[in-house]
Amino acid sequence: METDRAPPWMRLGPTLPLAAPACTWNAARVTPAADRFPDTHLTLCLTHDCNLRCRYCYGGAKSKRHMTLAVGRAALDRAVARTSERLHLVYFGGEPLLRWRTLVALTERAAELATAASLELRPTVTTNGTLLTDERTAWLRERRFVLAISCDGTKEAHDANRRDARGRSSHARTVAGLRRALDAGLGLRVILVLHPDNVDLLPDSLAFLHDLGAGDFVVNPDWSADWQDEPLQARWEHAYEAAARLWTDAHRAGRPFWLSFVDDKIAAAVKGGYTPAERCDLGRRNLVVAPSGRLYPCDRLVGEDREVRAETQRRREKGNRVGRTAVTRADEGGFAIGDVRSGPDPTLVAALVARTCGMPADCLECAIAPRCRNRCACANLALTGDPGVPSATLCFHEQLAVRVADAAAETLAAERNESFLRRLGPPNMCRPARSRTPTGLTAS
Ligand code: SF4
Ligand code: SF4
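Residues numbered from 1 in each chain as written. Chains lettered and ligands numbered in written order. Predicted model: local features only at pLDDT ≥ 70, side-chain atom pairs only at ≥ 80, totals over all residues.

Caption draft 1: Highlighting the overall build of the protein chain. Scanning the protein chain from terminus to terminus reveals 15 helices and eleven strands. Out of the 444 residues in the protein chain, the part that is buried amounts to 48%. Contacts in the protein chain between residues far apart in sequence, at least 24 positions, make up 78% of those at least 6 positions apart. (Helix = DSSP H or I, 4+ residues; strand = E, 2+ residues; numbered from the N terminus. Buried ≥ 20, exposed ≤ 12 C-beta atoms within 10 Å, placed from the backbone. Contact = placed C-beta atoms within 7 Å.)

See the structure below:
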């Protein structure tokens, strides 16, 4: 980051790193050798079905359309062929634990392929946690899975949006899943989706989850909600400030936790801005596979994975690959970039990348631009219809997150808080994402 853009807390003392630490894994990840990449993420959406009916779910209508073993195996073959070091295998849905036998079979297949190709396999499952059992938890633990469990915190915060198909509370079942994962010592991230209905409860929710023993929290705003209301934005600001105070106090008490909108922004400052590897991949390196076998640039664009409408297809065939006319709504199938058997269409991918490679015009003068997720093409596509144009809600959020994170960092830097200073150095600030979903701008 340019010096005049560095936040004041980075100048507070000689113990603070004033230059970006060596994030060698980042450099390596974006420099493929031939057509292989050191790290790839393969996200397998095992089903469109789910036992919950969260109000903010971007998966669309639930249906019993599931991924077959043949599609899953073809995806694994394709992912292994493009990977030279680490394969990050992410199970997603709907609710992937509804397809437990498929998950087991594909994991075993992935382990065989990874061993044969001398790859490290890093599996993750993103789940609502309600279908975890002791046996399943033990199996996942044995295979070194990371669990990303969606839980919005307290019962009131969670049940505001995360009810089951019969309208009943899912809180107790999700918390039971969290406890199982914690008791088994599984790597665990908790995904909290923030909505106008539960924004005020965020500090209580974080305290509740931290008391349970969780220590890694990803707060994902529901970007599709209407946040463009001043009193609501003031409540959002208040909630983030209170959450950051909890984060600060936890550092002081020697029980620090990871809080996405604070730690990500501090990490971005230390690294001089988000690295290319942290930006949207758009199908260059990673694969997101719908149950049908269609490929998408991001899990949030799979939606109901409907057939591409004839008109969209016709425009694509004419060469108008990714204009506003061709990339339309997810439920029109306009976001698919290929099929698992034929692979991503390079023209479609290149066109998407071209639309997002520059800084958005409105952001050129913005002081926090290097620390802003303004180029999250998938969130932009979903919210503004243009992968290169961020929404007003995202702009508000990014400014708020940077402001709150810098204030918290300044406080702990001035106190020379040891756990905070330790966290600033590598490898903590450069930790590779263990799963795509929890670190991005998605909700689950
Ligand atoms: S957000 Fe997740 S748990 Fe909720 S309905 Fe959608 S897939 Fe199911
Ligand atoms: S989206 Fe907003 S906060 Fe982000 S760089 Fe652009 S103007 Fe700045």
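Read on for the rest.
Caption draft 2: Summary view of the packing of helix α8 (residues 230-252) against helix α13 (residues 392-414). Contact pair α8 / α13: the axes reach a minimum separation of 10 Å and the direction vectors enclose 30°. With respect to α13, the axis of α8 lies roughly parallel. Considering how the two elements wind past one another, α8 and α13 form a crossing that is right-handed. Only Phe396, Leu400, Val404, Ala407, Ala408, Thr411 and Leu412 of α13 make contact with α8, whose side of the interface consists of Gln233, Trp236, Glu237, Tyr240, Glu241, Ala244, Trp247, Thr248 and His251. Taken together, the residues of the contact of α8 with α13 sort by class into ten nonpolar, four polar and two charged. (Axes fitted to C-alpha atoms, helices over the stretch in contact; angles between N-to-C directions. Parallel < 35°, antiparallel > 145°, perpendicular 65-115°, else oblique. Left-handed = near helix turned anticlockwise from the far one by under 90°. Nonpolar A, V, L, I, M, F, W, Y, C, P; charged D, E, K, R; others polar.)

Caption draft 3: Geometry of helix α6 (residues 171-184). Across its 14 residues, α6 extends 20 Å between first and last C-alpha, which sits within 8% of the 20 Å expected from 1.5 Å per residue. As for α6, its buried residues are in contact with α4 (134-142), β4 (146-150), α5 (155-159), β5 (187-194) and α7 (202-212). (Expected span 1.5 Å × (residues − 1).)

Caption draft 4: Broad picture of the pairing of strand β2 (residues 83-92). Burial of β2 is extensive: seven of the ten residues sit out of reach of the surface. Where strand β1 (residues 37-45) meets β2, eight bridges bridge the pair, whose relative direction is parallel. Along β2, the bridge assignment pairs Thr43 with Val90. Note that the unit made of β1, helix α2 (residues 69-81) and β2 has a crossover that is right-handed. As judged from the six bridges shared by β2 and strand β3 (residues 120-127), these two strands associate in the parallel manner. Paired with His88 across the two strands is Arg122, which belongs to β3. Since β2 and β3 lie parallel, the crossover through helix α3 (residues 100-116) that links them has a hand, and here it is right-handed. (Pairing = 2+ DSSP bridges. Right-handed = clockwise from strand over helix to strand, strands pointing away.)

Caption draft 5: Spatial organisation of the site of ligand 2. Every residue lining ligand 2 is accounted for by Asp362, Cys363, Cys366, Ile368, Ala369, Cys372, Asn374, Pro390, Cys395, Glu398 and Gln399. Of the residues contributing to the shell around ligand 2, the split by class is seven nonpolar, two polar and two charged. (Near = placed C-beta within 6 Å.)

Caption draft 6: Representation of the pairing of β4 within the structure. A large share of β4 lies buried, amounting to five of its five residues. Side chains Val146, Ala148 and Ser150 project from β4 onto one buried face, and the interleaved Leu147 and Ile149 project onto a second face that is buried too. For β3 and β4, the ladder comprises four bridges, and the chain directions are parallel. Of the residues in β4, the one forming a bridge with Val125 is Leu147. Between the parallel pair β3 and β4, the chain is carried across by α4, and the sense of this crossover is right-handed.

Caption draft 7: Layout of the nonpolar core. Within the largest apolar cluster, 111 residues are counted, with the highest numbers of intra-cluster contacts made by Leu44, Ala75, Val262, Val289, Tyr296, Cys378 and Ala405. Per-element tally for this core: the top contributor is α13, with nine residues. Once residues within four sequence positions are removed from consideration, Cys378 is found in contact with Cys280, Pro297, Cys298, Arg300 and Leu301. (Core = buried A, V, L, I, M, F, W, Y, C linked by C-beta atoms within 7 Å.)

Caption draft 8: Local environment of the sheet that holds β2. Here we have eleven strands laid out as an open sheet, ordered β7-β6-β5-β4-β3-β2-β1-β8-β9-β10-β11, and mixed in their pairing. Sheet topology places β7 (258-259) and β11 (343-344) at the edges, where each strand pairs with a single neighbour. Pairing of β1 with strand β8 (residues 287-289), which is carried by three bridges, proceeds in the parallel orientation. Along β8, the bridge assignment pairs Thr43 with Val288.

Caption draft 9: Region of the structure containing unusual backbone geometry. For the bond running from Gly93 to Gly94, omega is 5°, close enough to zero to count as cis. One can find Gly94 in the loop between β2 and α3. A positive phi angle, near 55°, is found at Arg144, a position not held by glycine. Looking at the secondary structure, you find Arg144 in the loop between α4 and β4. The exposure class assigned to Arg144 is exposed, which follows from the 11 C-beta atoms found within 10 Å. A positive phi is found at Asp305, a non-glycine position, where the angle reads about 55°. Mapped onto the secondary structure, Asp305 falls in the loop between β9 (294-296) and α10 (310-317). On the neighbour-count criterion, Asp305 (23 C-beta atoms within 10 Å) is buried.

Caption draft 10: Inspection of the environment of Cys54 at higher detail. Mapping Cys54 onto the fold places it in the loop between β1 and α2. As a C-alpha pair, Cys54 and His158 span 104 residues in sequence and 9.7 Å in three-dimensional space. Not counting residues within four places of it along the chain, the set of residues in contact with Cys54 comprises Asn161 and Arg162.

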